[in-house]
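# Descriptive analysis of the structure
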Amino acid sequence: MFCIHDHEDYLSRRNVWVNGPVIVGAGPSGLAVGACLKEQGVPFVVLERADCIASLWQKRTYDRLKLHLPKQFCQLPKLPFPEDFPEYPTKKQFIQYLESYAKKFEINPRFNECVQSAKYDETSGLWRVKTVSTSNSSSGGAEVEYICWQLVVATGENAECVMPEIEGMSEFGGDIVHVSNYKSGEDYRGKKVLVVGCGNSGMEVSLDLCSHNAQPSMVVRNSVHVLPRDILGKSTFELAVLLMKWLPLCLIDKLLLIMAWFILGNTEKYGLKRPAMGPLLLKNTEGKTPVLDIGTLQKIKSGDIKVVPEIKRFSRGRVELVNGQNLEVDSVVLATGYRSNVPSWLQESEFFSNNGFPKSPFPNGWKGNSGLYAVGFTRRGLSGTSSDAMRIAQDIGKIWKEETKQTKKRMGSHRRCISQF
Ligand SMILES: Cc1cc2nc3c(=O)[nH]c(=O)nc-3n(C[C@H](O)[C@H](O)[C@H](O)COP(=O)(O)OP(=O)(O)OC[C@H]3O[C@@H](n4cnc5c(N)ncnc54)[C@H](O)[C@@H]3O)c2cc1C
Ligand SMILES: NC(=O)c1ccc[n+]([C@@H]2O[C@H](COP(=O)([O-])OP(=O)(O)OC[C@H]3O[C@@H](n4cnc5c(N)ncnc54)[C@H](OP(=O)(O)O)[C@@H]3O)[C@@H](O)[C@H]2O)c1
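Just so it is clear, the model here is predicted, and its values are computed rather than measured. (Residues numbered from 1 in each chain as written. Chains lettered and ligands numbered in written order. Predicted model: local features only at pLDDT ≥ 70, side-chain atom pairs only at ≥ 80, totals over all residues.)

Before going further, it helps to spend a moment on the overall build of the chain. Looking only at helices and strands, the chain has nine helices and 23 strands in total. Taken over C-alpha atoms, the radius of gyration comes to 24 Å for the chain, in line with the 22 Å a tight globule of 421 residues would show. The burial tally for the chain puts 37% of its 421 residues in the buried class. Of the contacts formed within the chain by residues at least 6 apart in sequence, a portion of 65% connects residues at least 24 apart. (Helix = DSSP H or I, 4+ residues; strand = E, 2+ residues; numbered from the N terminus. Rg over C-alpha atoms; globule rule 2.2 N^0.38 Å. Buried ≥ 20, exposed ≤ 12 C-beta atoms within 10 Å, placed from the backbone. Contact = placed C-beta atoms within 7 Å.)

To continue, consider the site of ligand 1. Of all residues adjacent to ligand 1, which total 35 residues, the nearest are Gly-25, Gly-27, Gly-156, Gly-376 and Gly-381. Looking at the shell around ligand 1, the elements that each hand over two or more residues are helix H1 (28-40), helix H2 (55-59), strand S5 (113-121) and helix H9 (381-409). (Near = placed C-beta within 6 Å.)

The next subject is the packing of helix H6 (residues 249-264) against helix H7 (residues 279-286). The contact between H6 and H7 brings their axes to 7 Å, and the two run at 130°. Here H6 lies oblique to H7, going by the angle between them. Contact with H6, carried on its side by Leu-249, Cys-250, Ile-252, Asp-253 and Leu-256, involves Pro-279, Leu-280, Leu-281 and Asn-284 of H7 and no other residues of that element. A per-class count over the contact of H6 with H7 returns seven nonpolar, one polar and one charged. (Axes fitted to C-alpha atoms, helices over the stretch in contact; angles between N-to-C directions. Parallel < 35°, antiparallel > 145°, perpendicular 65-115°, else oblique. Nonpolar A, V, L, I, M, F, W, Y, C, P; charged D, E, K, R; others polar.)

Looking now at H9. End to end, H9 covers 43 Å across 29 residues, agreeing with the expected 42 Å (1.5 Å per residue, within 8%). By the burial criterion, the buried members of H9 are Leu-382, Gly-384, Thr-385, Ser-386, Asp-388, Ala-389, Ile-392, Ala-393, Ile-396 and Trp-400. Here the buried face of H9 lies against strand S3 (21-24), H1, strand S8 (150-153) and strand S23 (372-374). (Expected span 1.5 Å × (residues − 1).)

Moving on, we get to unusual backbone geometry. Between Phe-362 and the following residue, Pro-363, the backbone shows a cis peptide bond with an omega angle of 5°. Within the secondary structure, Pro-363 sits in the loop between strand S22 (338-339) and S23. Backbone geometry at Lys-78 places phi at a positive 75°, although glycine is not the residue there. By the secondary structure assignment, Lys-78 is in the loop between H2 and helix H3 (91-104). Lys-78 sits in the partly exposed class, given 16 other C-beta atoms within 10 Å. Phi is positive for Ser-370, which is not a glycine, with a value near 55°. Along the chain, Ser-370 turns up in the loop between S22 and S23.

What follows is about the domain arrangement of the chain. On domain assignment, one finds that the chain holds domain 1 (2-159 + 340-420) and domain 2 (162-337). Computed from C-alpha atoms alone, the centre-to-centre distance between domain 1 and domain 2 is 32 Å. Each partner contributes to the interface: domain 1 provides nine residues, whereas domain 2 provides 14 residues. Its residues assigned to classes, the side of domain 1 that touches domain 2 comprises four nonpolar, one polar and four charged. (Domains from an automatic or database assignment.)

So, about the sheet that holds strand S12 (residues 215-219). Sheet strands pair via backbone hydrogen bonds, and the direction of the pair is either parallel or antiparallel. Pairing is parallel in the open sheet, where five strands are placed in the order S10-S21-S11-S12-S17. Each having just a single partner strand, strand S10 (175-178) and strand S17 (306-308) make up the two edges of the open sheet. Neighbour to neighbour, the strand axes of the sheet diverge by 25° on average, direction disregarded. Here S12 runs beside S17; their pairing, made up of three bridges, is parallel. Its bridge partner lying in S17, Ser-217 is registered against Lys-306. In the packing of helix H4 (residues 200-211) onto the sheet, contacts are made with strand S11 (192-196), S12 and strand S21 (331-334), and the angle to S12 comes to roughly 165°. (Pairing = 2+ DSSP bridges.)

Packing of H1 against H3 leaves a shortest axis separation of 10 Å and a crossing angle of 30°. By the angle between their directions, the pair H1 and H3 is classed as roughly parallel. In terms of crossing hand, the pair formed by H1 and H3 is left-handed. Within the contact between the two elements, H1 uses Pro-28, Leu-31 and Ala-35 and H3 uses Leu-98, Tyr-101 and Ala-102. (Left-handed = near helix turned anticlockwise from the far one by under 90°.)

Put into structure tokens, the structure is as follows:
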């Protein structure tokens, strides 16, 4: 049934007809949809701008990264993690799991194909997906147009880095990297490093810098919820999920904050003011992830990591903070977050809003009109991905089965004819 037809057109752009959906992105979300579609017997094509699966994990994360949530909340549909994996698998183990996942379900993405635009053609009832090759080989720059029935957006919540523009940055002189290019504190031994941002990345990188004898200062411009990763030997996340069966979010938030206070103490004393809204409510309403502490707070308490307020401006080898304090700084790590890139290529405004997320929140943000789907935009990490992927595959599988039944009735004629080829 798997059916792709390539056509060289006279303007040198190849046209590829996909008899099924095109999935954009070969991260965990794209792979999960692919695996579920395989089970439904639906053919598909996965397009990936990088040269490997799970490029965020393989190329844009630091060495010491481990999953923050227990493995049962991070596994993809139809394949549990190996039993000998620890509760919080390392980045290497997670990548190993994803490689075996792609192999088991025979998912072979078309690598080095960056989707530049995707548009629904009302007349033909088909999606037109244009890519450009990112390969360094002779095919670099080549353009292809995929034509398909459905489009599954799996480009992730973290597709692009948020790079703030701060006055004087160009005069600074030292190196400034986004955390997606930070690998280890090894390169920073003995240096004074300014870490901008206090999400999970900023907190963990500050800890990593400490372990490598660097001197980190972490910029906290706002409030932040820090929770212990584990409470009484149980993962805080697991505990919250358990409590959600019986209690409203606001009450669970209160309980979490009481437990956090007992375990971590008053974080405000160390410059980490808590938001007025509780951690789960804040995550649900604004998508702001609480920090799960794995040792950073202890280093803040001991003074090994300094908490500093927002930056006013950079100058050569220095930074001035909004409270007037001046710091000498050798290097800067911007742990300032990520954003979706969907608005830059998807020509559609009904289903996705201009922040690159579906307008309808979880659990309704997986299906749009005209065969458009989204996976992995739930702000619920990998467990949200699994739930989206199963729904999408079921929906497409149902349509596929109905269509193929009718096609058989029409005695072997093609599903529909693409006249321009
Ligand atoms: C440092 C870090 C740690 C994390 N840890 C956890 C965790 O422990 N647990 C958890 O549940 N979540 C975690 N997350 C959230 C994370 O986003 C998900 O785990 C997961 O990677 C999401 O998968 P995804 O496939 O939706 O997105 P991604 O993994 O980002 O994959 C999207 C893919 O789409 C490709 N792509 C993007 N644009 C295009 C384009 N135009 N054309 C073609 N391809 C394109 C990208 O190259 C990428 O390979 C973490 C995130 C970060 C940044
Ligand atoms: N081990 C793990 O599982 C792990 C590790 C790392 C990350 N992650 C996940 O990856 C995702 C991204 O996390 P992240 O920490 O990279 O990003 P993030 O959660 O979006 O945090 C970005 C941080 O940067 C700050 N910031 C942004 N612009 C700034 C500026 N101009 N000046 C000062 N501060 C600025 C933000 O402050 P404001 O709040 O004021 O905007 C925030 O503290 C999250 O889902 C996270 O849970 C998971």
